[in-house]
Amino acid sequence: MKPIFYFFFIACLFTACSSEQVPRHVYTLEEGWKFINQDIENGQKPGINTDTWETVTIPHDWAIKGPFDKEIDKQTVRIEQNQENTATEKTGRTGALPYIGVGWYRKSFEVPEFQKGKKVLLVFDGAMSEPQVFINGEKVGEWKYGYAYFYFDITKYLKPEKENLLAVRLENLGESSRWYPGAGLYRKVQLVVKDNTSFKQWGTFITTPHVSETSAQVNIKSEIDGENIKVVTEIRDEKGKVVASGTTEQLFGSKTEQNLAVPNPQLWDTETPHLYFATMKLYSGNKLKDEQTIRFGIRDVKYERGKGLVLNGKVTKFKGVCLHHDLGPLGAAVNVTALKRQLTILKDMGCNAIRSSHNMPSHEQLELCDEMGFLFLAESFDEWKRPKVKNGYNRFFDEYAEKDIVNLVRATRNHPCIVMWSAGNEVPDQWGNEGIKRGKWLQDIFHREDPTRPVTVGMDQVANTLKNGFGAIWDIPGLNYRLPLYNEAYERFPQGFILGSETASTVSSRGVYKFPVEQFKQKTYPDGQCSSYDLEACSWSNVPDEDFYWQDNFDWVIGEFVWTGFDYLGEPTPYDEYWPSRSSYFGICDLAGLPKDRYYLYRSKWNTRKETLHLLPHWNWEGREGETIPVFAYTSYDSAELFVNDKSMGIQKKNNDSLLNRNRLMWTNVKYEPGSIKIVALDDSGNPAAEKEIRTAGTPHHLLLEADRKNINADGKDLSYVTVSVVDKDGNLCPNADNQLRFNVDGAGKFKATCNGDATSLEMFHLTTMKAFNGQLVVTVESIKEAGTITLEVTGEGLETAKIELESI
Ligand code: GAL
């Protein structure tokens, strides 16, 4: 996409458009909020003094600054999904961060354009949770689900040309989540000011029912408030060129419909995600009443028996990951740069799909997926009516499920990335007839709101859903784990394919290697870590290689969504009962976003464009001289030779002897001697094609700083992620280093957070010191609204001080 044109649309879509011509104004309420983390009697009353309240910007997560505390949301429960028989005490299940309680937010605002004939909407992308909204002391409305999008028409509560006061009360109960949910106004809040005669909020649906090389039919249905109107639509391509236009004056009830032909369309797909823009002007007589620009993509999405997703005529398997919504050390507060960094890392791994487990994604994430070419499985619920956690969504299901789905679909259906909806994850309602009725009801709502996309659920009770019919009702049967039932599910379910809606749940800690090197289930160690040989999983889960077998060999297995792309706060399985441990081990990347070894295993399979050659473990095994240290390579090459201190350990070739041998090159009998291990990958003719060496590192000597982006935007939101590595005098990573490091940011930026990926660490992310974990951590630097140079300085006792300069432009 051309940046200038893109900027034009973003400016019009997401910020105030000051031109007199434009009758619609959108304001994002970001700054100048007041916040207090306690219940205030009559907190909504305009008179209350907020001098002692904290000043915050939105998005905001009130719990991420901790401190971690074992007692927070300690749950003595039996986790049915994990096949547990008795209730035990779980610490850290929701991250051990103070998300429970009441929080109040207040903000004063004016609506300059507010006058007779105008309508003002207040739109929330999500509010954690149970929001109650007040304007000028009067209650406007409430919602329940923290992940839902919702809005209220606040016109009648406003004082024209005067300051208005918005107050939002939020409340999180304990035992309301299975992971860290975050707390507060963690997503955007916007005011939409428009004419009474206008396009309805989320009321326009753009689809492309016919797509060929020479032309695409673009169908635009719009819901409108008003009569005797005319809609003039222009479609532009990424260069701003008008490629189709049309006018309609016909209203069917409150709806208009247009069909425009785009010649020689540039299709949206995962490699070249071309986008188009429909600008729609709404007239009453000759007067312009409303204008909106909606971004969309032209693509042909079909699902075929035995094949699955056929995107623009090409069978496309999901090489996907599940993601929770938190951004590690930033908590749940949405940040576009942080989301983009995740997607950039995943793209390089060859990942082509995201599942927003187990709830509505942020709009920012969907926009990025549109732009970067990711397929998206947009999920809604982790619970229906039957509880998983006492205070979960079950309390709201009857009253809110339909409203929440309607808002999910209407708010996001123009994103080309979304190719499937999910009505739920492992809902206990899989058992029993009531659950089947609920499932059918929910799927019908999705179909009514969007007849173009299929619906799935992630099922864990597969044996049961094969029998009771639950699995047969879905457009796409999603199986969470349960590989031994794949064949039977394909045979007995009527759909003609199955999806690995959730797979793997392999556990590992970056840079940690345990011996003996064997496959284990539910393995725990005294240090609260998991081994990075990628052989450990849970009782219900498996190593990646088992999924590869099904994905590689059966066309009717239409792809997988690995649990998870990144570690997340909470759910520290297999250490649910161990303290301290407060974040997951499932991630392909750790909580800091640093790739674990597993990243390269997926990359070697999924990224077919680039070479992968990765060697593990590290080579610092003081005290283990002469003992066996297995060496693994994850590589896109079929074979390779390993050398220890230049002595050949032989050539290994991928083979079918075992599932592991198909994907990994393994030298299981290597005896440790300090020095180096070197791998030489061989091409198909047996000639050396690439090599990689790991040396035994000496003592920590200095620090290496590497920024993912050296130039950032001076907008007060942009981030640079600086990876800090403790290295020896020759620059080798010290793989056991745990030096306490300190950070100082000067100039046109601020220190934002740091994270080392250690699930057992109780150091807080927002403080300017942290220990390195296995030689590394990541510092996040944030721009301010002033251009200039930013300097990050990192110090550690006995280490040379390191500096990096970033430019904020
Ligand atoms: C699944 C569940 C996920 C997560 C995962 C851990 O059963 O859907 O939310 O709990 O297990 O393996």
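Remember, predicted model here, so these are calculated numbers, not experimental data.

A. Quick peek at the packing of helix H2 (residues 336-349) against helix H9 (residues 597-606). Where H2 meets H9, the axes come as close as 8 Å, and the angle between the chain directions of the two elements is 55°. Classified by the angle between their axes, H2 and H9 sit oblique to one another. Together, Ile 345, Asp 348 and Met 349 of H2 and Tyr 599, Tyr 602, Arg 603 and Trp 606 of H9 make up the contact between the two elements.

B. Seen up close, the sheet that holds strand E43 (residues 740-747). With mixed pairing, the 5 strands of this open sheet are ordered in space as E41-E48-E47-E43-E45. The sheet terminates laterally at strand E41 (711-712) and strand E45 (769-771), the two strands that pair on one side only. Here 7 bridges tie E43 to strand E47 (residues 788-796), and the two strands are oriented antiparallel to one another. Pairing of Asp 746 across the sheet is with Thr 791, part of E47.

C. A look at the packing of H2 against helix H3 (residues 363-372). Running from N to C, H2 and H3 point in directions that differ by 40°, and their axes come no closer than 10 Å. Relative to H3, H2 is oriented oblique. Viewed along their axes, H2 and H3 form a crossing whose handedness is right-handed. Note on element contacts: H3 touches H2 through Glu 364, Gln 365, Leu 368, Cys 369 and Met 372, opposite Val 336, Leu 339, Lys 340, Leu 343, Thr 344 and Lys 347. Broken down by class, the residue content of the contact of H2 with H3 amounts to 6 nonpolar, 2 polar and 3 charged.

D. Inspection of the UniProt feature "domain: Glycosyl hydrolases family 2 sugar binding" (unreviewed entry) in the chain at higher detail. Under the UniProt annotation, "domain: Glycosyl hydrolases family 2 sugar binding" (unreviewed entry) lies at residues 54-191. Structurally, residues 54-191 is divided into 0% helix and 36% strand, and its ends, taken at the C-alpha atoms, are 23 Å apart.

E. Here's a closer look at the pattern of salt bridges. Going through the model one piece at a time under the given rule, you end up with 54 salt bridges. Lys 90 is paired through a salt bridge with Glu 577; the nearest N and O atoms lie 3.8 Å apart. Residue Lys 90 is located in strand E5 (residues 88-90), and its partner Glu 577 is located in the loop between strand E32 (557-563) and H9; the two are separated by 487 residues in the primary sequence. The class of Lys 90 is buried, set by a relative accessible area of 0%. For Glu 577, a relative accessible area of 49% puts it in the partly exposed group. Lys 307 is the salt-bridge partner of Glu 304, the closest N and O atoms lying 3.2 Å from each other.

F. Focus on the sheet that holds strand E14 (residues 215-225). Ordered by their spatial adjacency, 3 strands build an open sheet running E13-E14-E17, and the pairing between neighbours is antiparallel. With partners counted over all chains shown, the strands left at the sheet margins are strand E13 (198-211) and strand E17 (255-263), one partner each. Across this sheet, the average inter-strand angle for adjacent strands is 20°, counted without regard to direction. Sheet topology places E13 next to E14; 8 bridges connect them, and they run antiparallel. Directly across from Thr 207, in E14, lies its bridge partner Asn 219.

G. Structural context of the site of the ligand. Taken together, Arg 178, His 358, Asn 425, Glu 426, Asn 480, Tyr 481, Glu 502, Ser 505, Trp 540, Trp 563, Glu 571 and Phe 586 form the complete shell of residues around the ligand. The side chain of Trp 540 places a nitrogen or oxygen atom 2.9 Å from an oxygen atom of the ligand. Against a free-state accessible area of 310 Å², the protein chains account for coverage of 98% of the ligand. In the shell around the ligand, the residues fall into 4 nonpolar, 4 polar and 4 charged.

Rules used throughout
- Residues numbered from 1 in each chain as written.
- Predicted model: local features only at pLDDT ≥ 70, side-chain atom pairs only at ≥ 80, totals over all residues.
- Heavy atoms only, no water.
- Axes fitted to C-alpha atoms, helices over the stretch in contact; angles between N-to-C directions.
- Helix = DSSP H or I, 4+ residues; strand = E, 2+ residues; numbered from the N terminus.
- Parallel < 35°, antiparallel > 145°, perpendicular 65-115°, else oblique.
- Contact = heavy atoms within 4.5 Å.
- Pairing = 2+ DSSP bridges.
- Left-handed = near helix turned anticlockwise from the far one by under 90°.
- Nonpolar A, V, L, I, M, F, W, Y, C, P; charged D, E, K, R; others polar.
- UniProt positions renumbered as here; feature names shortened; annotations may be inferred.
- Salt bridge = Lys/Arg side-chain N within 4 Å of Asp/Glu carboxyl O.
- Buried < 20%, exposed > 50% of the residue type's maximum accessible area, 1.4 Å probe, protein only.
- Near = heavy atom within 4 Å.
- Polar contact = N/O pair within 3.5 Å; in protein donor to acceptor, adjacent residues only side chain to side chain.
- Areas by Shrake-Rupley, 256 points an atom, 1.4 Å probe, with all protein chains shown as cover.

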